[in-house]
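Take a look at the letters that make up each chain.
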Amino acid sequence: MHHNPIDIRNLNYEYPDGTQALKAINLSIKATERVALVGANGSGKSTLLLHFNGLLIPQTGSIVVGELTMEPQNLKAIRNFVGLVFQNPDDQLFMPTVWEDVTFGPLNQGVKGHELEHRAAAAMKAVCLDPSHYGPRNANNLSGGEKKRVAIAGVLAMQPQVLILDEPSAQLDPRCRRELIHLLDSLPLTQLIATHDLDLALELCDRTVVLSEGSIVFDGPTERILGDSQLLERHALELPLSYSRPYCQLDHAPAV
Ligand SMILES: Nc1ncnc2c1ncn2[C@@H]1O[C@H](COP(=O)(O)OP(=O)(O)OP(=O)(O)O)[C@@H](O)[C@H]1O
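Residues numbered from 1 in each chain as written. Predicted model: local features only at pLDDT ≥ 70, side-chain atom pairs only at ≥ 80, totals over all residues.

A.B. asks: Kindly report on the overall build of the protein, identifying the contributing residues and their values.
C.D. replies: Of regular secondary structure, the protein possesses ten helices and ten strands. The C-alpha atoms of the protein give a radius of gyration of 19 Å, which matches the 18 Å a tight globule of 256 residues would have. Taken along its principal axes, the extent of the C-alpha atoms in the protein is 65 × 45 × 40 Å. Of all 256 residues assigned to the protein, the portion counted as buried reaches 39%. Long-range pairs, those at least 24 residues apart, make up 66% of the contacts in the protein between residues at least 6 apart in sequence. (Helix = DSSP H or I, 4+ residues; strand = E, 2+ residues; numbered from the N terminus. Rg over C-alpha atoms; globule rule 2.2 N^0.38 Å. Buried ≥ 20, exposed ≤ 12 C-beta atoms within 10 Å, placed from the backbone. Contact = placed C-beta atoms within 7 Å.)

A.B. asks: Can you explain unusual backbone geometry? Please cite residues and give values.
C.D. replies: Non-glycine residue Cys 128 carries a positive phi angle of around 60°. Relative to the elements of secondary structure, Cys 128 occurs in the loop between helix H4 (113-126) and helix H5 (131-134). One non-glycine residue, Gln 171, lies in positive phi territory at about 80°. Here Gln 171 lies in the loop between strand E7 (162-166) and helix H7 (174-186).

A.B. asks: Quick rundown of the pairing of strand E2 (residues 20-29)? Include the residues and the values.
C.D. replies: Pairing geometry for strand E1 (residues 6-14) and E2, over six bridges, is antiparallel. In the strand pairing of E2, Ile 8 is matched with Leu 27. In this antiparallel pair of consecutive strands, E1 and E2, the connection spans five residues, and Gly 18 shows a positive phi of 95°. (Pairing = 2+ DSSP bridges.)

A.B. asks: Describe the environment of Ser 169, naming the residues involved and giving the relevant values.
C.D. replies: Residue placement: Ser 169 occurs in the loop between E7 and H7. The exposure class assigned to Ser 169 is buried, which follows from the 22 C-beta atoms found within 10 Å. Distance in space between the C-alpha atoms of Ser 169 and Gly 145 is 8.5 Å, their sequence separation being 24 residues. Excluding its chain neighbours within four sequence positions, the residues that come into contact with Ser 169 are Arg 177, Leu 180, Thr 195, Asp 197 and Leu 200.

A.B. asks: Please provide a residue-by-residue account of the site of the ligand, values included.
C.D. replies: In the region of the ligand, the neighbouring residues are Tyr 15, Asp 17, Thr 19, Ala 21, Gly 39, Asn 41, Gly 42, Ser 43, Gly 44, Lys 45, Ser 46 and Thr 47. Residue contributions to the shell around the ligand peak at three residues, all from helix H1 (residues 45-49). When grouped by side-chain class, the residues that make up the shell around the ligand number two nonpolar, eight polar and two charged. (Near = placed C-beta within 6 Å. Nonpolar A, V, L, I, M, F, W, Y, C, P; charged D, E, K, R; others polar.)

A.B. asks: If you had to explain the nonpolar core to someone new, which residues and values would you point to?
C.D. replies: Counting residues in hydrophobic clusters, the biggest one holds 66 residues, and the most contacted among them are Leu 37, Val 102, Met 124, Ala 153 and Ile 164. In terms of residue count, the dominant contributor to this core is helix H6 (residues 144-156) (six residues). (Core = buried A, V, L, I, M, F, W, Y, C linked by C-beta atoms within 7 Å.)

A.B. asks: Could you give an account of H4, naming the residues involved and the relevant values?
C.D. replies: With 14 residues, H4 extends 20 Å between its outermost C-alpha atoms, agreeing within 8% with the 20 Å of an ideal straight helix rising 1.5 Å per residue. Turning to H4, the residues buried within the fold contact helix H3 (98-108), H5 and H6. Note on H4: the residue one or two positions beyond its end, Cys 128, has a positive phi of about 60°. (Expected span 1.5 Å × (residues − 1).)

A.B. asks: Explain the sheet that holds strand E6 (residues 82-85) to me, and be specific about the residues and the numbers.
C.D. replies: Pairing within the open sheet is mixed, and its six strands lie in the order E6-E7-E8-E3-E9-E10. The open sheet terminates on both sides in strands that have one partner only, identified here as E6 and strand E10 (215-221). Averaged over all pairs of adjacent strands, the angle between strand axes in this sheet comes to 15°, irrespective of strand direction. Note that strand E3 (residues 34-38) and strand E8 (residues 190-194) share four bridges and pair parallel. Considered in E8, the bridge of Ala 36 is made with Ile 193. Contacting E6 and E7, H6 runs over the sheet at an angle of about 175° to E6. (Axes fitted to C-alpha atoms, helices over the stretch in contact; angles between N-to-C directions.)

A.B. asks: Which residues make up the sheet that holds E1, and what values go with them?
C.D. replies: One open sheet holds the four strands; their spatial order is E2-E1-E4-E5, and the pairing between them is antiparallel. The open sheet has two edge strands, E2 and strand E5 (68-69), and neither has a second partner. By the bridge criterion, two bridges tie strand E4 (residues 60-65) to E5 in an arrangement that is antiparallel. Its bridge partner lying in E5, Val 65 is registered against Leu 68.

A.B. asks: Let's hear about H3: which residues, and what values?
C.D. replies: Of all the residues in H3, the buried ones are Val 98, Trp 99, Asp 101, Val 102, Thr 103, Gly 105 and Pro 106. Those residues of H3 that are buried are in contact with H4, H5 and H6. Of the residues flanking the end of H3, it is Gly 110, one or two places downstream, whose phi is positive at about 95°.

The following block contains the structure:
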């Protein structure tokens, strides 16, 4: 039987203080599809993504990844299948050196020796970090963007089939951001990317899902969202610069 890499059915999540952060979420993502997840601050993006490595467990409804239902006994297998890059790299980096951070995941998977070295070095190079320069350093002493790239390398080194990224381009300078877009574009993986960067969504994802107050309010072609100014306005989204409107449509266009 064929399974989508990600199948979410009627997922609800309520925090202990009563905040209803996810409401009846239904989302299926096909193999190698890249989907952008957008929405205002507090709309539920991180809450949804934290379900993918078992940090949050579905309270009602279900998440199936590959053939595995998100349940405590499947977590180890699910973590081999799905790589999650957190919004804040400090939540992900905790070893004395960058090299140990990047090898941590594959070591846990039982990868050793040359294969381990090869995977970690390749993952670091993929995010433009020279392993011999950055490997011995302590992640605490790196810049925000460097930390983010180490966190991404650690996940890539586990060779997941599904990649889930929370705000991957936040904190990156324009060149690193562009390199990240190339990298994500080159990976033949299923990807779910939470972002405020609509330009990145447009470049990488044919499909975008908009969350608002815990509900999916739009699920369709990224191009269509960018053409719907009311939808954008309602959900605190802004058009990428490459999409700016012609001068003459401004309300107060100066006379020429
Ligand atoms: N630990 C928590 N306890 C209670 N409420 C929480 C907790 N974490 C998040 N929330 C609330 O749940 C809702 C969804 O938050 P979430 O962090 O998922 O939003 P987000 O879309 O990722 O926002 P951002 O764009 O700011 O990252 C918000 O109303 C938030 O205040």
